[in-house]
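Here's the letter readout for the chains.
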Number of protein chains: 2
Amino acid sequence: MVPLLAIFYFGGYVLFIGVFILALMALKEFYDGFRAMDVKPAYFIGCLSAVGLYAIGLFRLDTKWYLLWIFLTIVLAALYLFNIDNRKLEDALATITGVFYIVFFSYHLVLVDQTGEYRLMVWLVIFSAFGTDIMAYFTGVLMGKHKLCPKISPKKTIEGSIGGILGSVILCGLFGWFFMHPYFIHCVIIGVLGGVFSQIGDLTASIFKRKMGIKDYGNLIPGHGGVLDRIDSILFTAPMVFYYIAFIIC
Amino acid sequence: MVPLLAIFYFGGYVLFIGVFILALMALKEFYDGFRAMDVKPAYFIGCLSAVGLYAIGLFRLDTKWYLLWIFLTIVLAALYLFNIDNRKLEDALATITGVFYIVFFSYHLVLVDQTGEYRLMVWLVIFSAFGTDIMAYFTGVLMGKHKLCPKISPKKTIEGSIGGILGSVILCGLFGWFFMHPYFIHCVIIGVLGGVFSQIGDLTASIFKRKMGIKDYGNLIPGHGGVLDRIDSILFTAPMVFYYIAFIIC
C-alpha cells in the first residue's frame, strides 16, 4: 500500500500517472481472471480506451469528449468481434465491462484530485476503505454471529459490516477534524457512505472472483493477491467521494 | 419505417419520446437475443438506466451527470449479481453492453436534434443508413463478385459495399444541396463516413445475431425482423453525425 500512499501524498501528475499505471495493472488482472472462464477480453483495446480517458482528464475536456470516449470504446470492442471465428461474444462484453469497472471507476481519483480546494478529500477514498476493512475484521472476529451473505463471502458477518461502517466514520471523521475542519460534517457523512460503498466494492470483487473460479486476482504481493484485490473497495469509494463533492458540497 | 420518419419530421419532444420508446423496444429485443445463449440480462436495470440518460438529455445537464450515469449503471449491474445463485457473470456484462450499445448509441439522435441550427442533420442519420442499404443491395446484385466477409454475412460483396457508400453520399449530398446548402460539402463528407459506419453497424448486428444463434432480433414487422433489425445501421450513423457536428462543424 506504500506506493498508493505516496501517490496520494503528492497528488497532481504523480497521482495522475500512478493511478493510470495501477488501473492498467488491475485491468490486466481482471481480464486474466476471465481466461479461467475461457473468455478472452482485448487488453490492448482496454489500454487504448484508458489512454483516451486520461487524455480527457489531462486536458480537462468537456462533455462531448466523454461521450465520444464511450462511443469509441464500444466501437472498438465491436470491431474486435469482426474476427468472428476466433472471438466469442463474451470477449467483447468483458472488454467493455473491464473498461468501465476498473479504468473508469479508478479514474475518479484523478477527478477528486482535480477538484481544487477539495483535493485533500482524496484521502477519504483510502481512509474509508481502510477503516472499513480493519474494523470489519476485528468486529467480525470479536462479535460476529450473524452471516451477512454466506454465498458470496462466507466469513463476513452483519456485526462486522456495521463495525466496518463505524471504522470508516472514525477514520474519515478524524481526518476531517484535523485536516479539513470546515468540512468535518461532510467528512463524517462521506465516512458513512464510504463504509457502505467500500463493502459493495469488496463483495462485487468477491462475486467476480467466485464466478471466475479464482481465489485472488493476482500474486503481486505474495499472500495478498494482486493490485485489484487491494483496490477493490477503492474502486467504489473513489466515485462516491467525487460525486459527493460534485453534487453535495459544490 | 413510417413512425421513424414522423419522429424525425417533428423533432423536439416527439423525437425525444419516440427515440426513447424505440430504444426500450430494441433493448428488449437485444436482451431477448441473449436468452438463446442462456444469458439473462436485467431489462429493468436497462430501462432505469435509460430513464436516467434521458433525464440528463431533457434538462441538458452537464458532464458530472453523465459520469454519474455511467457509475450508477455499472453499480446496478453489479448489485444484480448479488443474488449470486441465480445470476451468471454474463448477465451483468450483457446488461451493461446493451445499455451502451442500444440506449446510448440511439440517444445521439436526441443530441443531434438538440444542436440548434444543425438539427436538420438528423435526417442524414437516416439517409446515410437508407442510401447505403439500398445501393449496396442493387450494386451487389448487379455487379457483386468478391465476397466482403463471408463468415459474418455470406451475401455481402466488396462491390456492394462500395456501392453502399456511394448511395449514402448521393442521398446525403442531395439532401444537403436542397435543404442545407451552406453545409453541402459537410453533408457529402458525412455521406462518406455514414456509408462506412452504417455498414459497421450492420455487420456488428450480424455478428451478435450469429453468435446468439438467431436470425432476426424480433418479429414486429413479419418478414422484416424487429425494431433492432431496422435500426442497426442507425445506431452507428447517429453518433457519427453528432460527433461530426460537435467536433468538425461547431
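Predicted model only: the values in this text are computed from it and were never measured. (Residues numbered from 1 in each chain as written. Chains lettered and ligands numbered in written order. Predicted model: local features only at pLDDT ≥ 70, side-chain atom pairs only at ≥ 80, totals over all residues. Heavy atoms only, no water.)

Caption draft 1: Looking closely at the overall build of chain A. Within chain A one finds 10 helices and 0 strands. Shown N-terminal to C-terminal, the secondary structure of chain A runs as helices and strands in the order α-α-α-α-α-α-α-α-α-α. Scaling as 2.2 N^0.38, a compact globule of 250 residues should have a C-alpha radius of gyration of about 18 Å, and chain A matches this with 19 Å. The C-alpha extent of chain A, read off along each of the three principal axes, is 55 × 45 × 30 Å. Each of the 250 residues in chain A was classed as buried or not, and the buried ones make up 57%. Contacts in chain A between residues far apart in sequence, at least 24 positions, make up 72% of those at least 6 positions apart. In chain A, the 18 positive side-chain charges and the 15 negative ones have mean positions that sit 5 Å from each other. (Helix = DSSP H or I, 4+ residues; strand = E, 2+ residues; numbered from the N terminus. Rg over C-alpha atoms; globule rule 2.2 N^0.38 Å. Buried < 20%, exposed > 50% of the residue type's maximum accessible area, 1.4 Å probe, protein only. Contact = heavy atoms within 4.5 Å. Lys, Arg positive; Asp, Glu negative; His and termini not counted. Charge placed at Lys NZ, Arg CZ, Asp CG, Glu CD.)

Caption draft 2: Spotlight on the packing of helix H6 (residues 122-143) of chain A against helix H10 (residues 234-249) of chain A. All names here are of chain A. Contact geometry of H6 with H10 gives a least axis separation of 9 Å together with a crossing angle of 135°. In terms of their interaxial angle, H6 and H10 are classed as oblique. Seen along the crossing, H6 lies across H10 with a hand that is right-handed. Seen from H6, the contacting residues are Leu124, Val125, Ile126, Ser128 and Ala129; seen from H10, they are Ile234, Thr237, Ala238 and Val241. Looking at the contact of H6 with H10 residue by residue, the classes come out as 7 nonpolar, 2 polar and no charged. (Axes fitted to C-alpha atoms, helices over the stretch in contact; angles between N-to-C directions. Parallel < 35°, antiparallel > 145°, perpendicular 65-115°, else oblique. Left-handed = near helix turned anticlockwise from the far one by under 90°. Nonpolar A, V, L, I, M, F, W, Y, C, P; charged D, E, K, R; others polar.)

Caption draft 3: Region of interest: the interface of chain B and chain A. Facing the 49 residues of chain B at the interface are 49 residues of chain A. Both sides together, the interface formed by chain B and chain A hides about 4,700 Å², and carbon and sulfur atoms give 86% of it. In terms of surface lost to chain A, no three residues of chain B exceed B:Phe71, B:Ile84 and B:Leu89, which account for 15% of the buried area on that side. Inspection of the chain B/chain A interface yields 2 salt bridges. Close ionic contact of A:Asp85 with B:Lys151 constitutes a salt bridge, the shortest N to O distance being 2.8 Å. Across the contact surface, chain B and chain A share 11 residue pairs in polar contact (both at pLDDT 80 or more). Only helix H4 (63-80), helix H5 (89-113), helix H8 (184-212) and helix H10 (234-249) of chain B provide two or more residues apiece to the side of chain B that touches chain A. It is H4(B) that contributes the most residues to the side of chain B that touches chain A, 13 residues altogether. The residue inventory of the side of chain B that touches chain A, partitioned by class, reads 37 nonpolar, 3 polar and 9 charged. (Buried area = accessible area lost by both parts, 1.4 Å probe. Salt bridge = Lys/Arg side-chain N within 4 Å of Asp/Glu carboxyl O. Polar contact = N/O pair within 3.5 Å; in protein donor to acceptor, adjacent residues only side chain to side chain.)

Caption draft 4: Quick look at the packing of helix H3 (residues 43-58) of chain A against helix H4 (residues 63-80) of chain A. Residue and element names in this part refer to chain A. Interaxial distance between H3 and H4 falls to 10 Å at its minimum, and their mutual angle equals 170°. Between H3 and H4, the crossing angle belongs to the class labelled roughly antiparallel. Contacts between H3 and H4 involve Phe44, Ile45, Leu48, Ser49, Gly52, Leu53 and Ile56 on the former and, on the latter, Trp65, Tyr66, Trp69, Thr73, Leu76, Ala77 and Tyr80. A breakdown of the residues in the contact of H3 with H4 according to their chemical character gives 11 nonpolar, 3 polar and no charged.

Caption draft 5: Region of the structure containing the relation of the copies chain B and chain A. Each copy superposes on the other: chain B lies on chain A with an RMSD of 0.0 Å after a rotation of 180° and an axial shift of 0.0 Å. The two molecules are tied by a two-fold rotation axis, judged by turn and shift. Closest approach to the rotation axis within chain B is made by the C-alpha atom of B:Thr63, at a distance of 2.4 Å. Of the interface residues in chain B, 100% have counterparts in chain A that sit at the interface too, so the contact is made through matching surfaces. (Least-squares fit on C-alpha atoms with pLDDT ≥ 70 in both.)

Caption draft 6: Structural context of the state of the cysteines. Residues and elements named next belong to chain A. With the rule as written, the count across this model stands at 0 disulfides over all chains. For the unlinked cysteine Cys187, the closest cysteine sulfur is that of Cys172, found at 7.1 Å. Note on Cys187: relative accessible area 0%, which makes it buried. (Disulfide = S-S within 2.5 Å.)

Caption draft 7: Geometry of the environment of A:Ile249. Residue and element names in this part refer to chain A. With respect to the helices and strands, Ile249 occurs in helix H10. In this structure Ile249 comes out as buried when scored by relative accessible area, which is 14%. For the pair formed by Ile249 and Tyr118, sequence separation is 131 residues and the distance between their alpha carbons is 9.2 Å. Not counting residues up to four positions away in its chain, the partners in contact with Ile249 are Tyr118, Met121, Tyr183, His186 and Tyr244.

Caption draft 8: Seen up close, a nonpolar patch on the surface. Residues and elements named next belong to chain A. Together, Tyr13, Ile17, Ile21, Met25, Leu58, Phe59, Leu220 and Ile221 make up a nonpolar patch on the protein surface, roughly 800 Å² of accessible area in all. It is helix H2 (residues 12-35) that provides the largest number of residues to the nonpolar patch, a total of 4 residues. As for its position among the elements, Ile221 is in the loop between helix H8 (184-212) and helix H9 (227-231). For Ile221, a relative accessible area of 34% corresponds to the partly exposed category. (Patch = residues over 30% accessible without salt bridge, like charges linked within 9 Å, V, L, I, M, F, W, Y side chains within 5 Å. Areas by Shrake-Rupley, 256 points an atom, 1.4 Å probe, with all protein chains shown as cover.)

Function cannot be inferred from these measures alone, as they are strictly geometric.
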